[in-house]
Amino acid sequence: MDLRIFTEPQQGASYDTLLTVAKATEDLGFDAFFRSDHYLAMGNSDGLPGPTDAWITLAGLARETRRIRLGTLMTAGTFRLPGVLAIQVAQVDQMSGGRVELGLGAGWFEEEHKAYGIPFPKEKFARLEEQLAIVTGLWGTAPGEEFSYDGTHYQLTKSPALPKPAQHKVPVLIGGHGATRTPRLAAQYADEFNIPFASLQDSERQFGRVRAAAEAAGRKGDDLVYSNALVACVGKDDAEVARRAAAIGREADELKANGLAGSPAEVVDKIGRYAEIGASRVYLQILDLDDLDHLELISAQVQSQLG
């Protein structure tokens, strides 16, 4: 079971804070550092000192880390034109020596679009499908050849399809709860399917849909990695769990029901139940980015038991 650290910087984090967490992620043996792609805080957070851009952040971290994978859950398809996104991700992949992964979604948070003057189109899913075709098509075009695309929402003419990523293939992540279109897109384009903040029952159902869609598309169901993203709140005892829950504005019992919360033994047991339904990777949503002791505890007493 791979454990990855997943952050939500729009809730309030500077680049220096993210760099500190990314370095701790690497030093403590976690597999990857991922971040959300949002420009506006959610809930009661003031979001100070303000948003950081996902791909600018990852470019910086690419030069400051050596081993960990770097990526997004999920890049909003509404934020960037697909040709520009392909260039950005390829460049960050080069800067990291081939450690980047692209999570790409349709975009959903209308308020942040209004706050920063970003168009919020109605046909987001159809645009996402074209974006996936363009980004992967640009990367997959042989050097010296050109790429063209004539879609409803995007048109590219005789693109040199440069630059290329350092990796032969940048892993693409697609995720969500949709019952039909999401599994179909994952089957066509994804290397990994991620379901965020879902119960065991809902995860198992969605993994099954994606496996079926993959097989219908001529792939093996096991061609994809299946993963969960879950909030983490681990403590040595109940008092420490309660303190960490309060620090992120949540209740310990609610986190135990809906996330990965409790003692290390409780969290290991719950991760094991996700493994039983097919998950081989978990993104630990870490909301208090100043609590590095939390990461150390998870590394020492949770990750060490998962092999």
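For the structure itself, consult the block above.
Predicted model, so just to flag it, every value in this text is computed and none were measured. (Residues numbered from 1 in each chain as written. Predicted model: local features only at pLDDT ≥ 70, side-chain atom pairs only at ≥ 80, totals over all residues. Heavy atoms only, no water.)

(A) Inspection of helix 10 (residues 264-276) at higher detail. Taking 1.5 Å of rise per residue, 13 residues should cover 18 Å, and helix 10 covers 18 Å from first to last C-alpha, within 8% of that figure. Looking one or two residues beyond helix 10, the residue adopting positive phi is G278, at roughly 120°. (Helix = DSSP H or I, 4+ residues; strand = E, 2+ residues; numbered from the N terminus. Expected span 1.5 Å × (residues − 1).)

(B) The pairing of strand 6 (residues 147-150), seen in detail. Here three bridges tie strand 6 to strand 7 (residues 155-159), and the two strands are oriented antiparallel to one another. Looking at strand 7, one finds that D150 is bridged to Q155. Counted between consecutive antiparallel strands, the loop separating strand 6 from strand 7 contains four residues. (Pairing = 2+ DSSP bridges.)

(C) Local environment of the nonpolar core. If you look at the biggest cluster of nonpolar residues, it comprises 75 residues, and the most contacted ones within it are L3, W55, L284, I298 and V302. At eight residues, helix 5 (residues 124-140) tops the list of elements feeding residues into this core. With sequence-adjacent residues up to four places away left out, I298 is seen in contact with L3, F30, A232, V234, L284, I286 and Q303. (Core = buried A, V, L, I, M, F, W, Y, C linked by side-chain atoms within 4.5 Å. Buried < 20%, exposed > 50% of the residue type's maximum accessible area, 1.4 Å probe, protein only. Contact = heavy atoms within 4.5 Å.)

(D) Just the packing of aromatic side chains, in detail. Under the counting rule described, the total for this entry stands at six aromatic pairs. Every member of this aromatic cluster is reached through a ring pair, and the members are Y39, F79 and Y116. Sitting above the plane of the F120 ring, K124 keeps its charged end 4.2 Å from the centroid. (Phe/Tyr/Trp six-rings, centres within 6.5 Å; stacked < 30°, edge-to-face > 60°. Lys NZ or Arg CZ within 6 Å of the ring centre and 35° of its normal.)

(E) Structural detail: the packing of helix 10 against helix 11 (residues 292-306). Running from N to C, helix 10 and helix 11 cross one another at 40°; their axes reach a closest spacing of 10 Å. Judged by the angle between their axes, helix 10 and helix 11 are oblique. As helix 10 packs across helix 11, the resulting crossing turns out to be right-handed. Contacts between helix 10 and helix 11 pair P264, V267, V268 and I271 from the former with L297, Q301, V302, Q305 and L306 from the latter. Counted by class, the contact of helix 10 with helix 11 contains seven nonpolar, two polar and no charged residues. (Axes fitted to C-alpha atoms, helices over the stretch in contact; angles between N-to-C directions. Parallel < 35°, antiparallel > 145°, perpendicular 65-115°, else oblique. Left-handed = near helix turned anticlockwise from the far one by under 90°. Nonpolar A, V, L, I, M, F, W, Y, C, P; charged D, E, K, R; others polar.)

(F) Representation of the pattern of salt bridges. Counting across every chain of the model gives 21 salt bridges. Close ionic contact of E101 with R4 constitutes a salt bridge, the shortest N to O distance being 2.9 Å. Of this pair, E101 sits in strand 5 (residues 100-105) while R4 sits in strand 1 (residues 2-7); the two residues are 97 residues apart in sequence, bridging distant segments of the chain. Accessibility assignment for this pair places E101 and R4 in one class, buried. For D222, the salt bridge is made with R211, and the minimal N-O distance between the two is 2.4 Å. Here the residue D222 occupies a position in the loop between helix 7 (200-216) and strand 10 (225-234), and R211 occupies one in helix 7, the gap between them amounting to 11 residues. Linked by salt bridges that have partners in common, R4, D31, R69 and E101 make up one network. (Salt bridge = Lys/Arg side-chain N within 4 Å of Asp/Glu carboxyl O.)

(G) Focus on the side chain of T75. If you trace the backbone, T75 turns up in strand 4 (residues 75-76). Among residues more than four places away in sequence, those in contact with T75 are D37, W55, R80, L85, L102, G103, L104 and G105.

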